Amino acid sequence: GRGGSLGTTARRVVTAAVILCMSLGPWTAPPYRAGLKFSCCYGLSCGFMNMFFYLSIERIPLGIAVGLEFIGPLVVAIVYSRRLKDIFGVLLAVTGLCLLLPWGQGGDIDLLGAFWALCAGCCWGFYIIWGKKAGKSGTAASVALGMCFAASAIVPIGIASTGTALFSWSLLLPALLLGILSSALPYGLEMVALKRIPAHAFGVLMSLEPAIGALSGYCFLGETLSLVQGAALGCIILASFTVMAASHG
């Protein structure tokens, strides 16, 4: 989109913050001081997760970006479960990561793009941890406040990158739709889920995202993966299912 990944991230986050504030009214039932701290950490991790992810998909295929990003939630799942059975999941995830990086047969993965995707994964892991803490603060307004914190950090970066193009009227409707469908609605639903299920369970229930990302890239962007890249994503997905089975076994 106009302004590149940074401008897209800024528009997505700010529209989501506005929509969530209008619908949830965080000023009517603000969280306690501890809840406010959790909302801040949750929002910042969410905002930078989006920024790093958009930076990554400028350089690498969508499916690979999602696969690398998913390392973050997988690490959260493994750390929280603390089971010896998860060692197999770790080995599978590491195998997938090694196959995706240039020393594997895939060989054509942009290193900077892979780095941004891993940064997004790190932020995604913190997003799960802090989101659960924010959800337990007892108010649905936590997600709205979190997106306000995200906007306060990401919008200045977007302005520095795009200038006045960030506020173009021609992008208002696309930004509004993007904010609703990709941020406000899913983040609100995820906050409800994070409040009710363990952090590791939430992480592993997202295990199909790399496959969905690869399928979306193929259907909508015409992106194809090599045999080795597909095997790498398969390792990451199988690692997720392995951890899920262990955590409920």
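**Q** Just checking my understanding: could you explain the overall build of the protein chain for this structure?
**A** Looking only at helices and strands, the protein chain has 11 helices and zero strands in total. Secondary structure elements of the protein chain occur, N-terminal to C-terminal, as α-α-α-α-α-α-α-α-α-α-α. Per-residue burial for the protein chain yields a buried fraction of 51% across its 249 residues. Across the protein chain, every contact between residues at least 6 apart in sequence was considered, and the portion connecting residues at least 24 apart equals 87%. For the protein chain, the accessible surface area stands at approximately 11,600 Å², while carbon and sulfur atoms represent 73% of it.

**Q** So what exactly am I meant to see when it comes to the pattern of salt bridges here?
**A** Side chains that differ in charge, positive against negative, can pair when their charged atoms come close. Inspection of every chain in the model, using the stated rule, returns one salt bridge. Here aspartate 110 ties to arginine 59 by a salt bridge, and the two come within 3.4 Å at their closest N and O atoms. Of the two residues, aspartate 110 sits in the loop between α5 (86-100) and α6 (111-135) while arginine 59 sits in the loop between α2 (33-57) and α3 (62-69), which places them 51 residues apart along the sequence.

**Q** Sorry, what's going on with the environment of valine 75 here?
**A** By secondary structure assignment, the location of valine 75 is in helix α4 (residues 71-81). Put simply, valine 75 and valine 90 are 15 residues apart on the chain and 8.2 Å apart in space, counted from C-alpha to C-alpha.

**Q** Before we go on, may I ask you to explain α3 in this structure?
**A** Note that an α-helix has 3.6 residues per turn; residues three or four places apart therefore point the same way. The buried fraction of α3 amounts to eight of the eight residues, a majority that puts the element mostly inside the structure. Taken as a whole, α3 has its buried residues at Leu62, Gly63, Ile64, Ala65, Val66, Gly67, Leu68 and Glu69.

**Q** Could you clarify how one ought to interpret the state of the cysteines in this entry?
**A** Under the definition given, this model contains zero disulfides. The cysteine cysteine 46 is free of any disulfide, with cysteine 123 supplying the nearest cysteine sulfur at 9.6 Å. As a non-bridged cysteine, cysteine 122 has cysteine 123 as the owner of its nearest cysteine sulfur, 5.7 Å distant. In this structure cysteine 122 comes out as partly exposed when scored by relative accessible area, which is 44%.

**Q** Explain the packing of α3 against α6 here, please?
**A** For any two helices packed against each other, one specifies the crossing angle of their axes together with the interaxial distance. Remark: α3 packs on α6, axes separated minimally by 7 Å, with the N-to-C direction vectors making an angle of 45°. The orientation of α3 relative to α6 falls into the category oblique. Considering the relative orientation of α3 and α6, their crossing is right-handed. Seen from α3, the contacting residues are Ala65, Leu68 and Glu69; seen from α6, they are Ala114, Ala117, Leu118, Ala120, Gly121 and Trp124. When the residues that make up the contact of α3 with α6 are grouped by side-chain class, the tally is seven nonpolar, one polar and one charged.

What counts as what
- Once a new chain begins, its residue numbering starts again from 1 and follows that chain's sequence as written.
- At least 70 in pLDDT is required for a residue's local features to be given in this predicted model, at least 80 for side-chain atom pairs to be given and counted, and no such filter applies to totals for whole chains, interfaces and linings, which use all residues.
- With hydrogens and water set aside, each side-chain value is computed from the structure's full complement of heavy atoms.
- The helix and strand labels rest on DSSP assignments: H or I over at least four residues marks a helix, E over at least two residues marks a strand, and numbering proceeds from the N terminus.
- Partly exposed residues are those whose accessible area sits between 20% and 50% of the maximum for their type, while under 20% is buried and over 50% is exposed, using a 1.4 Å probe and protein chains only.
- In what follows, a contact means two residues having at least one pair of non-hydrogen atoms within 4.5 Å.
- Using a 1.4 Å probe, the Shrake-Rupley method yields the accessible areas, and only the shown protein chains count as cover for residues.
- Put simply, a salt bridge is a Lys or Arg side-chain nitrogen that is within 4 Å of an Asp or Glu carboxyl oxygen.
- In this description, a disulfide is simply a cysteine sulfur pair whose atoms lie within 2.5 Å.
- To obtain an axis, a line is fitted to C-alpha atoms, over the contacting stretch when the element is a helix, and the angle between two such axes runs from 0 to 180 degrees between their N-to-C directions.
- Each angle gets one of four labels, with under 35 degrees taken as roughly parallel, over 145 as roughly antiparallel, 65 to 115 as roughly perpendicular, and the rest as oblique.
- The crossing is said to be left-handed when, going from far helix to near helix, the turn is anticlockwise and less than a right angle, and right-handed when the turn is clockwise.
- When residues are grouped by polarity, Ala, Val, Leu, Ile, Met, Phe, Trp, Tyr, Cys and Pro land in nonpolar, Asp, Glu, Lys and Arg in charged, and all others, Gly among them, in polar.

By themselves, these figures tell us nothing about what the structure is for.
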